[in-house]
Amino acid sequence: MDSLILADGVDQSLTTAGLQRFRGGLYRCLGRRRDALFELVDALLAAEAMPSLPHLSLVPTHRRGWGSSVYAALAAGEVDTERLAELLGASRGGGAPVFAVDASTWARCDAECSPGRGFYYSPTRHSAGQPIVAGWCYSWIAQLGFDRDSWTAPVDAHRVPAGEDIGRVTAARIRALAGRLALGRAAPLFVFDAGYDPIALTVDLSDLPVAVLVRIRCDRVFYASPVPVPGRLGRPPRHGARFLCADPTSWPVPDQTLDTEDEQYGRVQVSCWSGLHPKLAGRGRWTNCEQPPIVAGTVIRVQVEHLPGPRGRAVKTLWLWWAGPGRPDLDRCWRAYIRRFDLEHTFRFCKQALGWTTPRVRTPEQADRWTWLVLLAYSQLRLARPIAVDTRLPWERRLPVPRLTPARIRRNFSRLLPILGTPASPPKPCGRSPGRPIGSRRGPAPRQPAIKKAAA
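Attention here is on the structure that accompanies the text.

Conventions used here
Residues numbered from 1 in each chain as written. Predicted model: local features only at pLDDT ≥ 70, side-chain atom pairs only at ≥ 80, totals over all residues. Heavy atoms only, no water. Helix = DSSP H or I, 4+ residues; strand = E, 2+ residues; numbered from the N terminus. Rg over C-alpha atoms; globule rule 2.2 N^0.38 Å. Buried < 20%, exposed > 50% of the residue type's maximum accessible area, 1.4 Å probe, protein only. Contact = heavy atoms within 4.5 Å. Lys, Arg positive; Asp, Glu negative; His and termini not counted. Charge placed at Lys NZ, Arg CZ, Asp CG, Glu CD. Polar contact = N/O pair within 3.5 Å; in protein donor to acceptor, adjacent residues only side chain to side chain. Phe/Tyr/Trp six-rings, centres within 6.5 Å; stacked < 30°, edge-to-face > 60°. Lys NZ or Arg CZ within 6 Å of the ring centre and 35° of its normal. 1 Å grid on protein atoms, 1.4 Å probe; cavity = no way out; pocket = protein on both sides within 12 Å on 5 of 7 lines; lining within 4 Å. Points joined across faces, edges and corners; volume = space filled by probe spheres on them. Nonpolar A, V, L, I, M, F, W, Y, C, P; charged D, E, K, R; others polar. Disulfide = S-S within 2.5 Å. Expected span 1.5 Å × (residues − 1). Core = buried A, V, L, I, M, F, W, Y, C linked by side-chain atoms within 4.5 Å. Axes fitted to C-alpha atoms, helices over the stretch in contact; angles between N-to-C directions. Parallel < 35°, antiparallel > 145°, perpendicular 65-115°, else oblique. Left-handed = near helix turned anticlockwise from the far one by under 90°. Pairing = 2+ DSSP bridges.

**Re the overall build of the protein chain**
- Scanning the protein chain for helices and strands turns up eleven helices and twelve strands.
- Radius of gyration (C-alpha) of the protein chain: 25 Å, near the 23 Å computed for a compact globule of 456 residues.
- Projected onto its principal axes, the C-alpha positions of the protein chain cover 90 × 65 × 45 Å.
- The buried share of the protein chain, taken over its 456 residues, is 45%.
- Of the contacts formed within the protein chain by residues at least 6 apart in sequence, a portion of 66% connects residues at least 24 apart.
- Treating the 63 positive side-chain charges of the protein chain as one cloud and the 40 negative ones as another, the clouds have centres 6 Å apart.

Following this line, the structure appears as structure tokens:
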């Protein structure tokens, strides 16, 4: 254990014990085939690459050294997702309760025998000339940090059933997460991209002490509360003065302003107007409503001097919708949305390095189990940051321990596994399998067409 003492005098044995407790809690959250599932996570952490699931059975840490065992673990194994979500929530660490919410698609275009697939937008892949793919959509929730790195702390991942409203499903997961987290008086902030409906999220989460921050288009139109006119007859108006995001002449005096300097973005000017609401029509989400509700919130405008990287890039004004208890903290809001893009780095690392979407599993239940295993592997990399050693290639520059990337920690994780130990039991030889009876035939698997989302 002496080799795990940092140069600055920090005792890493405490962090090692914390990582061991996390691994023990992970093992207790697994049911049937728990040993194979646990060793599958260790093999994923120790492998240099993940071209396919059978390759993980060749890693020495996976003592069940036959390729069918990994598929059998995903097909017949049991994963207690609720207890795993509690484990991830308890290990997320301190910091501000700011969470990023986003969805990512597991493309399964050619898996005609896989049920539960839907059609989703893809910016890089096309199907029949259209930028769509058939597959499974997963909604991730991860805690953000305000440090300049790409780390996040995933706390939940849930597959959105094909044809379901992703906003409703996400709101239900946030409701469950808010019940698991012990946040005290601090209201958690959930940050969304422009693909989510800010008004529907505000309505679905209005009874919870949480705040939502959603990016909106720069051409949105809002209305202030109507001003009562004494002596006016007839029905009272529902909408007041118009607020056009694209028309500065329609903006009243901001309720709050912020003028600050940032190392990456230069001068940052933030303004907000509270008490604004959109004019909802009786269609889509509000089709069955006799009269669409008045949903009030705060509109935030963020203007930066320049963008990071090479100068000359076009700078666009950022518009955000905020709704929650109290008044918004402008400095926290604009920085939280900037850090939201760290979740994109998490998606990229989980897909390219950990092979989240690499296995060609058939059923969505197998995909759910594998998704949770990938989350648990990534969480162990994050918890191992204080005790990891920078394992770099010759052309890479040295990084301090707080700036180590997930890829570099993964290179060193195989050296930590003997220190951490494993609660999994060794495999027991059971002889040769009799195999499939002679003359038996399975027959073709039934075809499962992708589900098209019905028009609202």
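So that's the structure; there's more coming.
**A closer look at the side chain of Ser-69**
- Relative to the assigned elements, Ser-69 resides in helix 4 (residues 67-76).
- Within the local environment of Ser-69, its side chain forms a polar contact with the backbone oxygen of Arg-64, the two atoms lying 3.2 Å apart.
- Excluding residues within four positions of it along the chain, Ser-69 makes contact with His-62 and Arg-64.

**Observations concerning the packing of aromatic side chains**
- Enumeration according to the criterion identifies 19 aromatic pairs in this entry.
- Judged by centre distance (6.4 Å) and plane angle (25°), the rings of Phe-243 and Trp-251 are stacked.
- Under the relative-accessibility criterion, Phe-243 is labelled buried at 1%.
- Ring pairing ties together the aromatic residues Trp-106, Trp-136, Tyr-138, Trp-140, Phe-347 and Trp-356, which thus form one cluster.
- The ring of Trp-286 carries Arg-285 above its face, with NZ or CZ at 5.5 Å from the centroid.
- Above the face of the Phe-341 ring, Arg-340 is positioned so that its terminal group lies 4.8 Å from the ring centre.

**Side note on the layout of surface pockets**
- Considering only enclosed or pocket space, the largest pocket measures out at about 1,100 Å³ in volume.
- For the largest pocket, the lining is made up of 35 residues, of which Ala-103, Ser-104, Thr-105, Tyr-120 and Tyr-121 are closest to its centre.
- Counting only elements with at least two residues in the lining of the largest pocket, the list comes to strand 1 (98-107), strand 2 (118-121), strand 3 (132-143) and helix 9 (342-352).
- For the lining of the largest pocket, the residue count by class is 16 nonpolar, nine polar and ten charged.

**Focus on the state of the cysteines**
- Under the definition given, this model contains zero disulfides.
- Free cysteine Cys-137: the closest other cysteine sulfur is in Cys-109, separated by 14 Å.
- Here Cys-272 is not disulfide-linked; the sulfur of Cys-333 is the nearest cysteine sulfur, at 8.4 Å.

**Digging into helix 2 (residues 34-46)**
- If you check helix 2, its first and last C-alpha atoms are 18 Å apart, about what 13 residues at 1.5 Å a residue would give, namely 18 Å.
- Of all 13 residues that make up helix 2, twelve are buried, and the element is covered over most of its length.
- Three or more residues of helix 2 are buried, namely Asp-35, Ala-36, Leu-37, Phe-38, Glu-39, Leu-40, Val-41, Asp-42, Ala-43, Leu-44, Leu-45 and Ala-46.

**Some points on the nonpolar core**
- Membership of the largest hydrophobic core comes to 87 residues, with the highest contact counts inside it found for Leu-56, Leu-213, Ile-300, Val-302, Trp-370 and Phe-413.
- Take this core: its biggest share by element is eleven residues, from helix 10 (residues 364-383).
- When sequence neighbours within four positions are dropped, the list of residues in contact with Leu-213 reads Leu-189, Phe-190, Val-191, Phe-192, Ile-300, Leu-320, Trp-321, Trp-322, Cys-333 and Tyr-337.
- Residues Leu-181, Val-210, Ile-216 and Trp-273 belong to the second largest nonpolar core, which totals 30 residues.

**Remarks on the packing of helix 5 (residues 81-90) against helix 10**
- Orientation of helix 5 relative to helix 10, taken along the N-to-C sense of each, is 20°, at an axis distance of 12 Å. Taken together, the axis directions place helix 5 and helix 10 in an arrangement best described as roughly parallel. Pair helix 5 / helix 10 crosses with left-handed handedness. Contacts from Thr-81, Leu-84, Ala-85 and Leu-88 of helix 5 reach helix 10 at Trp-372, Leu-375, Leu-376 and Ser-379.
- Across the contact of helix 5 with helix 10, the residue classes tally to six nonpolar, two polar and no charged.

**So, helix 6 (residues 166-180)**
- Given a rise of 1.5 Å per residue, 15 residues ought to cover 21 Å, and the 21 Å separating the end C-alpha atoms of helix 6 matches this to within 8%.
- Residues of helix 6 that are buried include every one of Gly-167, Val-169, Thr-170, Ala-171, Arg-173, Ile-174 and Leu-177, and no others.
- Lining the buried residues of helix 6 we find helix 5, strand 1, strand 3, strand 4 (153-160), strand 5 (189-192) and helix 7 (198-204).
- In this structure Asp-165 caps helix 6, since a side-chain oxygen of it lies 3.1 Å from the backbone nitrogen of Gly-167.

**Looking at the pairing of strand 9 (residues 256-262)**
- Taken together, the seven bridges between strand 9 and strand 10 (residues 266-276) define a ladder with antiparallel strand orientation. Looking at strand 10, one finds that Asp-259 is bridged to Gln-269.
- Hairpin connection between strand 9 and strand 10: a loop of three residues separates the two successive antiparallel strands.

**Some thoughts on the environment of Pro-429**
- Inspection of the secondary structure assignment puts Pro-429 in the segment after helix 11 (406-420).
- Separated by 365 residues in the primary sequence, Pro-429 and Arg-64 place their C-alpha atoms 9.8 Å from one another.

**Overview of the side chain of Gln-303**
- Note that Gln-303 resides in strand 11 (residues 297-304).
- Among the polar contacts made by the side chain of Gln-303, one reaches the side chain of Thr-317 at a distance of 2.6 Å.
- Ignoring sequence-local partners within four residues, the contact set of Gln-303 consists of Arg-267, Val-268, Gln-269, Val-315 and Thr-317.

**As for the environment of Ala-353**
- Mapped onto the elements, Ala-353 comes out in the loop between helix 9 and helix 10.
- Ala-353 sits 74 residues away from Pro-427 along the chain, and the two C-alpha atoms are 28 Å apart.
- Discounting residues that sit within four places of it in the chain, Ala-353 has contacts with Met-50, Arg-348 and Arg-410.

Note that every value here comes from positions in space, so none of it alone points to a role or purpose.
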